[in-house]
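Structural features, examined
Residues per chain, in single letters:
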Amino acid sequence: MLDLSFVRANLELVEAKLRARGADPAALLGDFKTLDQSRRAAITQSEQAKARRNELSQQVGALKKAGKNDEAAAVMDETRALKDQLDALDRTATELDEQLRLSLARVPNLVRDEVPVGTSEADNAVVKSWGEKRTYDFEPKPHWEVGEALGILDLERAAKLSGARFAVYMGAGARLERALISFMLDLHTAKHGYTEVLPPFMVNSKSLFGTGQLPKFAEDLFRCSDTDAEAAARGEFRDNDHWLIPTAEVPVTNLYRDEILDETRLPISLTAYTPCFRAEAGAAGRDTRGIIRQHQFQKVELVKFVRPEESDAQHELLTRHAEEILELLDLPYRRMLLCTGDTGFSAAKTYDLEVWLPGQQVYREISSCSNFGDFQARRANIRFRPGGPKAKLDFVHTINGSGLAVGRTWLAVIENYQQADGSVAVPEVLRPYMGGRDKITKEL
């Protein structure tokens, strides 16, 4: 969430940044200036009325002491009238406060100046490319054909069980998914120093508000029957409702919601494997073949809580940690700097890592690594005290990214390592996790 005082002092800049995202400032902010002025006027009038009430209370005491009871009674009548006025002013200020809060809750983060201006993924900038695309003496197939032919991917039975956009992995396919998860977690913990977390896979509305999924993206989430979706859309959040997590970013970031972190612990680096659940409400007709876009998928997430001055460097470092997975798997990829129109709601700057898929002849996103600045920390109230125990509190910066999306890594391995005989070679770094197996052949 944006800081109210910052928006008030920099309204033209905020509106320009929103337009760069392709958003309509008037639709998001409404008549912010008038609303804010009315709120401040109500607070000022309330403070003046309170001062007058205190003054009158002192007069009442003095008059009674002097035996002037009639005059004291008249002053007390004025005091009672002031109380009614104060109650009305407080109600007005509270209502205007709530309107401003709901307005700001729907405003996306402000993108960094270095983010290229654009309207769609076509305007994203290639920052780097890594790896050589493999050449084949046969026509490489997409992963769904390779996986089904080997008996390690069953989309038809998954549809019988759960409907479209689900998958069943069988035999070596299931083992490969598990191997990738273990490989990623081992690298991030043993080499890069992340602490592994196994969080709940269901969270309450306050958690989803903290990371920016609610109230704007409720339709993209799976909610449990104890959740009041209409109340959540209005910005009314409870502790005892539940939604399936769309990413481990949500529970891991909210671990420290409403807490003050010890500065000496920063940066805090956490990694988590979880299943993820997304309704994909806006994806009708897109990526209907294979396992690119699923309602349920696995992911290893990286999350950092950092000092503001370390934010940019830690964002670069986290992105490198995600890239290293691809490099160790020898999967060609490119790093993209997302343009203003393609940057997510909560992010100030995002790199997408896109892996090369020879069976489809396209690059596809396999990780998004974002710097949120203090946007999420402000929503979730995650603070620290820079410079010692008596210093003024400040918000941490949060950073996260996929390290990596496991299902998309699975299919990238299948497509890149397919062989002419229909088998799939196992990348060398995964063989210890596959029981020494170096090749996936047809399952019986």
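Residues numbered from 1 in each chain as written. Predicted model: local features only at pLDDT ≥ 70, side-chain atom pairs only at ≥ 80, totals over all residues. Heavy atoms only, no water.

**What about the packing of helix H8 (residues 172-191) against helix H14 (residues 406-416)?**
- Their axes nearest at 10 Å, the elements H8 and H14 cross at an angle of 115 degrees. Seen from above, H8 lies across H14 with right-handed handedness. When H8 is examined against H14, the residues Gly173, Leu176, Glu177, Leu180, Ile181 and Met184 are found in contact with a partner set consisting of Val406, Gly407, Thr409, Trp410, Val413 and Ile414. (Axes fitted to C-alpha atoms, helices over the stretch in contact; angles between N-to-C directions. Helix = DSSP H or I, 4+ residues; strand = E, 2+ residues; numbered from the N terminus. Left-handed = near helix turned anticlockwise from the far one by under 90°. Contact = heavy atoms within 4.5 Å.)

**Some thoughts on the environment of Asp84**
- Following the sequence through the fold, Asp84 ends up in helix H5 (residues 69-105).
- The sequence separation of Asp84 and Ile43 amounts to 41 residues, and the corresponding C-alpha distance is 15 Å.

**Details of H8**
- Given a rise of 1.5 Å per residue, 20 residues ought to cover 28 Å, and the 27 Å separating the end C-alpha atoms of H8 matches this to within 8%.
- Along H8, the positions that sit buried rather than exposed are Ala172, Gly173, Leu176, Glu177, Ala179, Leu180, Ile181, Phe183, Met184, Leu185, Leu187 and His188.
- Of the residues trailing H8, Gly193 is marked for its positive phi of about 80 degrees. (Expected span 1.5 Å × (residues − 1). Buried < 20%, exposed > 50% of the residue type's maximum accessible area, 1.4 Å probe, protein only.)

**Some remarks on the sheet that holds strand S10 (residues 333-337)**
- Taken together, the 8 strands give an open sheet; going across it, the order is S1-S10-S11-S12-S15-S9-S8-S4, and neighbouring strands pair in mixed fashion. Two strands close off the open sheet at either side, each with one partner strand: strand S1 (125-130) and strand S4 (195-197). Shown here is a sheet whose adjacent strand axes are inclined to one another by a mean of 25 degrees, direction ignored.
- Sitting on the sheet, H8 touches S4, strand S8 (268-277), strand S9 (296-306) and strand S15 (397-405), and the angle it makes with S9 is about 5 degrees.
- In the packing of helix H12 (residues 311-328) onto the sheet, contacts are made with S1, S9, S10, strand S11 (349-357), strand S12 (362-371) and S15, and the angle to S15 comes to roughly 5 degrees. (Pairing = 2+ DSSP bridges.)

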